[in-house]
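# Chain and residue survey
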Amino acid sequence: MLGAAAIAFGGWLSFVPSHAPVLQADEVDPLLDADDDFLPDVIEWAVMTNAANTDTDDDECPDFVEVVQRGTPRQRGVARTLDHEMRVVVTAPQPGVTGPTWLHLLFRFVGDPSLMTSFQCWISLPGMQGVRLPLNMLGFATMSFAERQTAAHGLWVRLSVPMVSEAMLRTLLPCTFEAEATIGGRSILTAVNLFDAQGVTSSLVPFAEDRLAMQSIGQLCGPTSSGSNRVCLLGLRRVGSGIGGTVFEVVEADCEDCNELECSPGCPQSVGWIFTMPGGIESITGG
Ligand SMILES: [Ca+2]
Ligand SMILES: [Ca+2]
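Residues numbered from 1 in each chain as written. Chains lettered and ligands numbered in written order. Predicted model: local features only at pLDDT ≥ 70, side-chain atom pairs only at ≥ 80, totals over all residues.

### Let's talk about the overall build of the chain
Secondary structure assignment for the chain yields 5 helices and 13 strands. Per-residue burial for the chain yields a buried fraction of 40% across its 287 residues. At a minimum sequence separation of 6, the contacts of the chain that also span at least 24 residues come to 60%. (Helix = DSSP H or I, 4+ residues; strand = E, 2+ residues; numbered from the N terminus. Buried ≥ 20, exposed ≤ 12 C-beta atoms within 10 Å, placed from the backbone. Contact = placed C-beta atoms within 7 Å.)

Below, the structure is given as structure tokens:
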């Protein structure tokens with residue numbers, strides 16, 4: 001049974017399901033949320049929060065809020081203003097595990113979801129600048145919907161949509177998933193750039209004030225691993241802009257131990273790398 005928020009989305013999302021997904025008893029829930037903080041484990045991997053801690057940096061601002069605000073949930077800091085928020089995240093299963101990639105749309109509403117008066121989500125490719133490819137080219141099936149009303153942090157909504165396998169998604173790389181909405185008069189653009197980083201499908205994730213991390217979208221080892229992850233923290237310099245977005249050069253790349261849940265994928269040699277970011281860096285960091 002879908003809630004009022006899903007009904008409100010019906011006018012904007014063409015892939016609203018007619019029924020909830022059904023899992024077999026012996027299947028592992030691909031959207032398992034071990035710490036019940038409203039972020040499935042697969043998302044926590046991709047955005048580098050701790051799947052066993054609802055507040056990774058222990059600053060009393062929940063992981064979900066910091067993630068949907070496109071903030072830095074691994075760095076303690078002052079919480080951003082309470083406002084409508086939206087973020088898009090793409091995840092993949094562990095390497096070698098059969099299953100779809102997922103597109104996740106995270107929302108935080110301050111008030112009724114009907115405040116959302118426009119919504120669009122599309123894919124951009126560097127070779128087709130300015131063209132918005134429809135999402136249904138990636139074969140959406142039944143999606144998952146969840147909502148949680150909180151006392152202090154608004155109404156949280158998550159739409160998770162299974163897509164093609166990671167192998168098929170890789171044929172599109174590099175690509176960008178973008179979502180644009182107007183909620184309560186606030187215009188929000190959020191994007192996730194996907195790259196092939198030394199054979200690993202990765203995206204750029206806010207990490208610190210002036211650093212983005214290159215993080216794999218699929219969990220590279222099991223959650224019980226005691227290994228640690230080395231991610232590449234990138235310093236970027238804007239070098240231009242065009243119809244396809246803002247062009248950045250990687251001017252610094254530091255290998256850093258990052259997430260207690262992860263193991264080492266190696267660090268890409270990234271300095272000098274130039275790429276285009278549709279929507280600009282604000283689409284990733286929230287401004
Ligand atoms: Ca979680
Ligand atoms: Ca926090």
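Now that the structure has been shown, the text picks up again.
### Some points on the confidence of the model for the chain
Of all residues in the chain, 83% have pLDDT values of 70 or greater, and the mean over the chain is 82. In this model, residues 1–23 is a region of pLDDT below 50 whose contacts with residues beyond four sequence positions or in other chains number 26 contacts. When the criterion is pLDDT under 50, residues 223–228 qualifies, and its contacts beyond four places in sequence or with other chains add up to 11 contacts. (pLDDT = per-residue confidence, 0-100.)

### Quick word on the sheet that holds strand β2 (residues 102–109)
Strand order in the open sheet formed by 4 strands is β1-β2-β6-β5, and the pairing between neighbours is antiparallel. With one partner strand each, in any of the chains shown, β1 (85–91) and β5 (144–149) form the two edges of the open sheet. In this sheet, neighbouring strand axes are inclined to one another by 15 degrees on average, regardless of whether the strands run parallel or antiparallel. The sheet contact formed by β1 and β2 spans 7 bridges and is antiparallel. Across the sheet, residue V90 finds its bridge partner in β2, namely L103. (Pairing = 2+ DSSP bridges. Axes fitted to C-alpha atoms, helices over the stretch in contact; angles between N-to-C directions.)

### Details of the nonpolar core
With 58 residues, the main nonpolar core has V88, V89, V90 and A213 as its most contacted residues. Look past the residues within four positions of V88 in its chain and what remains in contact with it is L103, L105, F177, A179, T190, A191 and V192. (Core = buried A, V, L, I, M, F, W, Y, C linked by C-beta atoms within 7 Å.)

### With respect to the environment of P95
Among the secondary structure elements, P95 is positioned in the loop between β1 and β2. For the pair P95 and V200, spaced 105 residues apart in sequence, the C-alpha to C-alpha distance is 9.4 Å. Ignoring any residue separated from it by four or fewer positions in sequence, one finds P95 in contact with G218 and L220.

### Regarding unusual backbone geometry
At the junction of L173 and P174, the peptide bond is cis and its omega measures out at -10 degrees in the coordinates. Structurally, the position occupied by P174 is in the loop between α4 (166–170) and β7 (175–183). Of note in this structure, M48 is not a glycine but carries a positive phi near 70 degrees. Note on placement: M48 falls in the loop between α2 (41–47) and α3 (63–68).

### Comments concerning the pairing of β5
Where β5 meets strand β6 (residues 155–162), 6 bridges bridge the pair, whose relative direction is antiparallel. The residue bridging E147 from the neighbouring strand is V157, located in β6. Between the antiparallel neighbours β5 and β6 lie 5 residues, among them G154 with a positive phi of about 80 degrees.

### Quick look at the pairing of β2
Among the 8 residues that make up β2, 8 are buried, leaving the element largely enclosed by the rest of the structure. Strand direction decides the pairing type here: β2 and β6, joined by 8 bridges, are antiparallel. Each bridged residue has a counterpart across the sheet, and for L105 the counterpart in β6 is L159.

### Section: the environment of G185
Relative to the helices and strands, G185 is located in the loop between β7 and β8 (186–197). For G185, a count of 8 C-beta atoms within 10 Å translates into the label exposed. With 70 residues separating them along the chain, G185 and L115 place their C-alpha atoms 8.0 Å apart.

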